[in-house]
Amino acid sequence: MPHRHPCLNRRRLLAQATAGVLPALLAGCGFELRQTPPLPFNRIALTGFAGRSPLADELRLRLGASAQVVPSPGQADVVLQALTDKRERSVVASTAAGQVREVQLRVRFEFRLASPGGRELIPATELMLLRDMSYSESFALAKAQEEAELVAAMQTDIVQQVLRRLARANLAVPGPVPAAATPRN
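Values in this document were obtained by computation on a predicted structure and should not be read as measured data.

Calculation criteria
- Residues numbered from 1 in each chain as written.
- Predicted model: local features only at pLDDT ≥ 70, side-chain atom pairs only at ≥ 80, totals over all residues.
- Heavy atoms only, no water.
- Pairing = 2+ DSSP bridges.
- Helix = DSSP H or I, 4+ residues; strand = E, 2+ residues; numbered from the N terminus.
- Axes fitted to C-alpha atoms, helices over the stretch in contact; angles between N-to-C directions.
- Buried < 20%, exposed > 50% of the residue type's maximum accessible area, 1.4 Å probe, protein only.
- Arc of directions from axis to C-beta.
- Contact = heavy atoms within 4.5 Å.
- Core = buried A, V, L, I, M, F, W, Y, C linked by side-chain atoms within 4.5 Å.

This part is about the sheet that holds strand S3 (residues 78-94). Taken together, five strands build an open sheet; the order of strands is S2-S1-S3-S4-S5 and the sheet is mixed. Lying at the two open borders of the sheet, with one neighbouring strand each, are strand S2 (68-70) and strand S5 (120-134). For this sheet the average axis-to-axis angle between neighbouring strands, irrespective of direction, equals 30 degrees. As judged from the 14 bridges shared by S3 and strand S4 (residues 100-114), these two strands associate in the antiparallel manner. Counterpart to Ala82 in the pairing with S4 is Phe111.

This is the structure in structure tokens:
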């Protein structure tokens, strides 16, 4: 029978104890993963997106937890219209020999929210995230993977921002403005 070192047993016991206690500690402090906020509508249509927009796909997925995404604005309570959905990459630093040293990644999304009848609920709003990334020709494949991960993270952040704005949308039909009270003499 092989002899086991006592430190290995202690480490294993500590790891098992930590695995059981850590979730309880996190739950006790109020930590929880960010959820889709409750939305003030039941059905939404997404318009203006390119056919293969990754941002539209992620929005559909996240919205599906709280609302039904319908194909036609006529079936929807609200219409989210994409005005701009772009991913951009530009060189911000290069060497004297012309080799790229740093790039800037941008994800830009502009949208508006309206009722199916065209009443504006959220005016045109632009969200743009920027990330600078070092670059090296020697590690081009790894840098391409890093770039894809950064763009995906920025896109997820923009989707979260859109969901928070949608949750605050006021769907109430504005009524007549009450006349100002006039003082009586």
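By the burial criterion, the buried members of helix H2 (residues 54-63) are Leu55, Ala56, Glu58, Leu59, Arg62 and Leu63. In a view along the axis of H2, the buried residues occupy a sector of 165 degrees, so they form one face of it. Packing partners of the buried residues in H2 comprise strand S1 (43-47), S2, S3, S4 and helix H3 (140-167).

With 34 residues, the main nonpolar core has Leu59, Leu80, Phe109 and Leu166 as its most contacted residues. In this structure, Leu80 is in contact with Ile44, Ala45, Leu46, Thr47, Phe49, Leu59, Phe109, Phe111, Arg112, Leu113, Val162 and Leu166, ignoring residues within four places of it in sequence.

The subject of this paragraph is the side chain of Ser115. Within the element layout of this structure, Ser115 appears in the loop between S4 and S5. Judged by relative accessible area, which is 14%, Ser115 ranks as buried.

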